[in-house]
Amino acid sequence: MVKLKRVLILLLVLILLSSSIVYGQMEGKLENHWSKGIINKSFIMEYFPYLSRNNFQSFNPSASISGEDFKLSIIALLRAYEYDINTIGHGERLIRKDIINMLGQIMDLFEIDLNKEYKLPFKDIDSLSSAERTLLAALYELDIIQGEPGSKFSPARELSQAEAVIILQRAKEVLDRLNNVAFEVLGVVQSFDRREEIVVANDGDRVLVSITKQFPTPGYSMKVDRIRKAKNGYLIKLDIQEPDPDMNLIQVLTYKTVTIGIPKEELGGGPYNFILEGFNKVADRVSI
């Protein structure tokens, strides 16, 4: 047992060192660049994997990004919300004007109103159509697109890799904020004779959701990290923590059940489909 623990600790150290080296190479490319401190490293690895391969060999924050590559990143982002769309796209050359309509299609999927009247500070957008200016104003108001110093948007300039990452980061922040669902944790129960399941019930002006997961020992903890609206329902992300490896725990199947209450005003009209994300999935979907 002691030998196994030493091997696990060594593997963890090697993983941490490897991650530090990879991130260090990316940080070196961002040194003295305006986007340093703004770009999220893990976001690049998840949504721009073609830039992070081989220790970020292809990452150059000032270099242009192709329309096809940016489309791949948009598709990856939409899949996180269970959307699969291939109509968004562009040729190889991607200029800043092009991203207006590309981002507009994303916002339209989530039924975000982009037709309100907002003022724009940019002085170089006469070449844009009225519809494009309306979209740009909404994206500016949402803080997805900020423009350049001197009240410029530079619609004809090619979009850089750094700009592409940051714009998509901001778009995800907006989508998360507008689609997050408020909930209240009502209790967490541990048992030894349950089964993995999701139970959904009506309770007046709220919906009760109980999620049961199986664990090999009693030392695990489980809580709901977030709930967000997706195309086919509401995605529930669990936060599961393993017990301390030094704890002396009996090996017995244990079940954790967390129950949450969600106001129906947060969910809108039914049916209410609840889906667990990723490896935490218990069932494909449960609805009432």
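Structural notes, computed from the coordinates. (Residues numbered from 1 in each chain as written. Predicted model: local features only at pLDDT ≥ 70, side-chain atom pairs only at ≥ 80, totals over all residues. Heavy atoms only, no water.)

So, on to the overall build of the protein chain. Of regular secondary structure, the protein chain possesses eight helices and eight strands. The burial tally for the protein chain puts 41% of its 288 residues in the buried class. Taking the intrachain contacts of the protein chain between residues at least 6 apart in sequence as the baseline, contacts between residues at least 24 apart amount to 70%. When the accessible surface of the protein chain is totalled, it reaches about 15,800 Å², and 50% of it is carbon and sulfur. (Helix = DSSP H or I, 4+ residues; strand = E, 2+ residues; numbered from the N terminus. Buried < 20%, exposed > 50% of the residue type's maximum accessible area, 1.4 Å probe, protein only. Contact = heavy atoms within 4.5 Å. Areas by Shrake-Rupley, 256 points an atom, 1.4 Å probe, with all protein chains shown as cover.)

Bringing the environment of Phe-43 into the picture now. Along the polypeptide, Phe-43 turns up in helix H2 (residues 41-47). Remark: the alpha-carbon pair of Phe-43 and Val-165, spanning 122 residues in sequence, is separated by 8.0 Å. Setting aside chain neighbours within four positions, we find Phe-43 in contact with Phe-48, Val-165, Leu-168, Gln-169 and Lys-172.

This brings us to the sheet that holds strand S6 (residues 254-263). Taken together, the four strands give an open sheet; going across it, the order is S1-S6-S3-S2, and neighbouring strands pair in antiparallel fashion. On the outer flanks of this sheet lie strand S1 (184-191) and strand S2 (197-203), each paired with one strand and no other. Direction aside, neighbouring strands of the sheet carry axes that sit 15 degrees apart on average. With seven bridges connecting them, S1 and S6 associate as antiparallel partners. Looking at S6, one finds that Gly-187 is bridged to Thr-259. (Pairing = 2+ DSSP bridges. Axes fitted to C-alpha atoms, helices over the stretch in contact; angles between N-to-C directions.)

Turning to the side chain of Ser-210, a few remarks are in order. When you line up the elements, Ser-210 lands in strand S3 (residues 206-215). A polar contact of 2.8 Å, which involves the side chain of Ser-210, links it to the side chain of Thr-259. (Polar contact = N/O pair within 3.5 Å; in protein donor to acceptor, adjacent residues only side chain to side chain.)

Turning next to the pattern of salt bridges. Counted according to the given criterion, the structure contains 15 salt bridges. Lys-41 is the salt-bridge partner of Glu-27, the closest N and O atoms lying 2.9 Å from each other. Here Glu-27 is found in helix H1 (residues 2-30), whereas its partner Lys-41 is found in helix H2, with 14 residues between them in sequence. Looking at Glu-27, the relative accessible area reads 26%, which means it is partly exposed. Through salt bridges that share partners, Lys-172, Asp-176, Arg-226, Arg-228 and Glu-277 make up one connected network. (Salt bridge = Lys/Arg side-chain N within 4 Å of Asp/Glu carboxyl O.)

Attention shifts here to the packing of aromatic side chains. Across all of its chains, the model carries 10 aromatic pairs by this definition. With a centroid separation of 6.3 Å and 70 degrees between ring planes, the pair formed by Phe-56 and Phe-59 is classed as edge-to-face. The buried category is assigned to Phe-56, whose relative accessible area is 0%. On the accessibility criterion, Phe-59 (1% relative accessible area) is buried. (Phe/Tyr/Trp six-rings, centres within 6.5 Å; stacked < 30°, edge-to-face > 60°.)

This part takes up helix H5 (residues 98-109). An α-helix turns once per 3.6 residues; consequently, residues spaced three or four apart project the same way. Helix length check: H5 (12 residues) gives 18 Å between terminal C-alpha atoms against 16 Å at 1.5 Å per residue, within 8%. Those residues of H5 that fall on the buried side of the exposure criterion are Asp-98, Ile-99, Ile-100, Met-102, Leu-103, Gly-104, Ile-106 and Met-107. Looking one or two residues beyond H5, the residue adopting positive phi is Glu-111, at roughly 55 degrees. (Expected span 1.5 Å × (residues − 1).)

Let's shift gears to unusual backbone geometry. For Asn-55, which is not glycine, the phi torsion reads 60 degrees and is therefore positive. On the secondary structure map, Asn-55 appears in helix H3 (residues 49-56). Overall, Asn-55 belongs to the partly exposed group, its relative accessible area being 35%. Positioned with a positive phi, Glu-111 is a non-glycine residue whose angle comes to about 55 degrees. Residue placement: Glu-111 occurs in the loop between H5 and helix H6 (130-141).

Look at H6: 17 Å from first C-alpha to last across 12 residues, which is about the 16 Å you get at 1.5 Å a residue. Within H6, the full set of buried residues consists of Glu-132, Leu-135, Leu-136, Ala-137, Ala-138 and Leu-139. Contacts from the buried residues of H6 go to H5.

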